[in-house]
Amino acid sequence: MLYVEKTTPEDCFRLAPNLKQLDRYEVALWGMDPLQALLVPFRFKKFNEHTYTVFDIDHNVVAIFGVTPSLNDPKIGRIWLLSSDLLEENLFYFVKSNKKWLHYLEEDYNYISNYITEEQKTSIKWLKWQGFIFAKKPMLVKNVKVLYFYKRLHNVVKYGTQPILEEIGPKWATHLI
């Protein structure tokens, strides 16, 4: 069983030392350490930025995910997820529930994208299942192959909904958009 809360800086400090090895590798590729990467949404708070923390039943931080708008166009977002090894232990529940959250994150954008290393096989499979399209050829970043993935969000219905779902934790509160 997992539940979701809006991310606080404390959540970032709790997840950073427990980030799974592949995520550490990927974050380092972009020149950051885990804590720096997790705190980016708090350093550059923007409209349409959403960041949430996934907790397990014992209140351990399992993952933090979100979408960050482009500096040039607020309708273009960069989607991301960083997790601990606890996500693998709760993968069935995560996969079962995450589509609702992804639809919520997509609501403010016309286009979302990011990059992922080829080693992230499980994440790539999940992204394809979520409807993301991958560039045909990888690009090299510091001699590491990374894949560009994206999703064009044609005809997205914008209701300003909040994900009032059974996965929301006890401290989460709705807010007006």
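For the structure, check the block above.
Residues numbered from 1 in each chain as written. Predicted model: local features only at pLDDT ≥ 70, side-chain atom pairs only at ≥ 80, totals over all residues. Heavy atoms only, no water.

Caption draft 1: Inspection of helix α3 (residues 34-43) at higher detail. Where α3 is concerned, the buried positions are Pro34, Ala37, Leu38, Leu39, Val40 and Pro41. Sitting at the amino-terminal end of α3 is Asp33, which places a side-chain oxygen 3.0 Å from the backbone nitrogen of Leu35. (Buried < 20%, exposed > 50% of the residue type's maximum accessible area, 1.4 Å probe, protein only. Helix = DSSP H or I, 4+ residues; strand = E, 2+ residues; numbered from the N terminus. Polar contact = N/O pair within 3.5 Å; in protein donor to acceptor, adjacent residues only side chain to side chain.)

Caption draft 2: Local environment of the pairing of strand β3 (residues 61-69). Most of β3 sits out of view: nine of its nine residues are buried. Two elements, strand β2 (residues 50-56) and β3, share six bridges in a ladder whose sense is antiparallel. Its bridge partner lying in β3, Val54 is registered against Ala63. The loop that links β2 with its antiparallel partner β3 comprises four residues; one of these, His59, has a positive phi angle of about 70°. As defined by bridge partners, β3 adjoins strand β4 (residues 76-83) across seven bridges and the pair is classed as antiparallel. Bridge pairing in β4 links Pro69 to Gly77. Between β3 and the antiparallel strand that follows it, β4, lie six residues. (Pairing = 2+ DSSP bridges.)

Caption draft 3: Molecular detail of the pairing of β4. With three bridges joining them, β4 and strand β5 (residues 111-117) adopt parallel strand pairing. Bridged to Gly77 within β5 is Ile112.

Caption draft 4: The arrangement of the pattern of salt bridges in detail. One pass over the structure, following the stated rule, counts one salt bridge. Across the pair Lys151 and Glu106 runs a salt bridge whose closest N-O atoms are separated by 2.6 Å. Of this pair, Lys151 sits in strand β8 (residues 144-152) while Glu106 sits in helix α5 (residues 91-106), and the two are 45 residues apart along the sequence. By relative accessible area, Glu106 is classed as buried at 6%. (Salt bridge = Lys/Arg side-chain N within 4 Å of Asp/Glu carboxyl O.)

Interpretation note: all reported values are geometric properties and have no functional meaning in isolation.
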